Amino acid sequence: MRVTRLLPAAAAVLALAGCGAGGDTRAVPPTATGSLESLAAEVKCKPNMQTDADELRQAICRNGDGRFILATFATDRGQREWINDAKDYGGFYLVGRKWVAVGDDGVVKALRSTLGGDVEMGTNHSSHSMHSG
């Protein structure tokens, strides 16, 4: 199974989330590690599993900070390929060792204050502000 077939779920969450910007002054803890369930427990969400495969486990989560995708990967390469393909949809990505959380700017910043990790931004932020004329 190719990991990129699973990107529509991430795109759907990003379509619901607005893109934002701003500084973050929260302290960043060491990057968390563990299973999808243990990462979800750390950020107080019950994962709604969308994909449960050997190479990728992906769930939709919601906590007090908002809605996001949480995914874990079997390999670093699989993770990087998934992130590189997903970035075309825009959004914000909190990246740890073999895991990623995807959501809007505020959610990702809040998750980072618990999970640590590095923030990466997608490339297509203008699509979130479409309007009819």
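As the structure is a prediction and not an experimental result, all values here were calculated from the model.

1. Focus on the overall build of the protein chain
Line of reasoning, step 1. Along its length, the protein chain carries 4 helices and 6 strands.
Line of reasoning, step 2. Ordered by position from the N terminus, the helices and strands of the protein chain form the series α-α-β-β-β-α-β-β-α-β.
Line of reasoning, step 3. Looking at the 133 residues of the protein chain, the share that counts as buried comes to 44%.
Line of reasoning, step 4. At a minimum sequence separation of 6, the contacts of the protein chain that also span at least 24 residues come to 58%.
Line of reasoning, step 5. About 6900 Å² of surface is accessible on the protein chain, with carbon and sulfur atoms providing 50% of the total.

2. A look at the sheet that holds strand 1 (residues 48-52)
Line of reasoning, step 1. One open sheet accounts for 6 strands, arranged 1-2-3-5-4-6; its pairing is antiparallel. Taken across any chain shown, the strands that pair with only one partner, and hence form the sheet edges, are strand 1 and strand 6 (118-121). Going across the sheet, the axis of each strand differs from the next one's by a mean of 20°, ignoring polarity.
Line of reasoning, step 2. Sheet analysis places strand 3 (residues 66-73) next to strand 5 (residues 99-103), joined by 4 bridges and oriented antiparallel. In the strand pairing of strand 5, Thr72 is matched with Trp99.
Line of reasoning, step 3. Of the strands in this sheet, strand 2 (56-63), strand 3, strand 4 (92-96), strand 5 and strand 6 are in contact with helix 3 (residues 76-86), which crosses strand 4 at around 170°.
Line of reasoning, step 4. Set on the sheet, helix 4 (residues 105-115) makes contact with strand 2, strand 3, strand 4, strand 5 and strand 6; between it and strand 4 the angle comes to about 15°.

3. Let's talk about helix 4
Two residues of an α-helix separated by three or four positions point the same way, owing to the 3.6 residues in each turn.
Line of reasoning, step 1. The complete set of buried residues in helix 4 reads Asp105, Val107, Val108, Lys109, Ala110, Leu111 and Leu115.
Line of reasoning, step 2. The residue sitting at the N-terminus of helix 4 and contributing the capping side-chain oxygen is Asp104; that oxygen lies 3.2 Å from the backbone nitrogen of Gly106.

4. A closer look at the pattern of salt bridges
Line of reasoning, step 1. Within the structure shown, the criterion is met by 7 salt bridges.
Line of reasoning, step 2. With a closest N to O distance of 2.5 Å, Asp76 and Arg97 form a salt bridge. Of this pair, Asp76 sits in helix 3 while Arg97 sits in the loop between strand 4 and strand 5, placing them 21 residues apart in sequence.
Line of reasoning, step 3. Assessed through its relative accessible area of 37%, Asp76 is described here as partly exposed.

5. A word on the environment of Thr114
Line of reasoning, step 1. By secondary structure assignment, the location of Thr114 is in helix 4.
Line of reasoning, step 2. As for Thr114 and Thr31, which are separated by 83 residues in sequence, their C-alpha atoms are 8.6 Å apart.
Line of reasoning, step 3. Beyond its immediate stretch of four places on either side in the chain, Thr114 contacts Pro29, Glu42 and Val43.

6. With respect to helix 3
Line of reasoning, step 1. Where helix 3 is concerned, the buried positions are Gly78, Gln79, Trp82, Ile83 and Ala86. Seen along its axis, helix 3 keeps its buried residues to an arc of 130°; they face one direction.

7. Quick look at the pairing of strand 2
Line of reasoning, step 1. By the criterion of burial, strand 2 is predominantly enclosed, with 6 of the 8 residues buried.
Line of reasoning, step 2. Pairing of strand 1 with strand 2, which is carried by 4 bridges, proceeds in the antiparallel orientation. Bridging from a neighbouring strand, Met49 pairs with Ala59 of strand 2.
Line of reasoning, step 3. Between strand 1 and strand 2, which pair antiparallel one after the other, the connecting turn spans 3 residues.
Line of reasoning, step 4. Across 8 bridges, the pairing between strand 2 and strand 3 is antiparallel. In the sheet register, Asn63 faces strand 3, and the bridge partner there is Gly66.
Line of reasoning, step 5. From the end of strand 2 to the start of strand 3, which pair antiparallel, there are 2 residues.

So, how was this worked out
Residues numbered from 1 in each chain as written. Predicted model: local features only at pLDDT ≥ 70, side-chain atom pairs only at ≥ 80, totals over all residues. Heavy atoms only, no water. Helix = DSSP H or I, 4+ residues; strand = E, 2+ residues; numbered from the N terminus. Buried < 20%, exposed > 50% of the residue type's maximum accessible area, 1.4 Å probe, protein only. Contact = heavy atoms within 4.5 Å. Areas by Shrake-Rupley, 256 points an atom, 1.4 Å probe, with all protein chains shown as cover. Pairing = 2+ DSSP bridges. Axes fitted to C-alpha atoms, helices over the stretch in contact; angles between N-to-C directions. Polar contact = N/O pair within 3.5 Å; in protein donor to acceptor, adjacent residues only side chain to side chain. Salt bridge = Lys/Arg side-chain N within 4 Å of Asp/Glu carboxyl O. Arc of directions from axis to C-beta.

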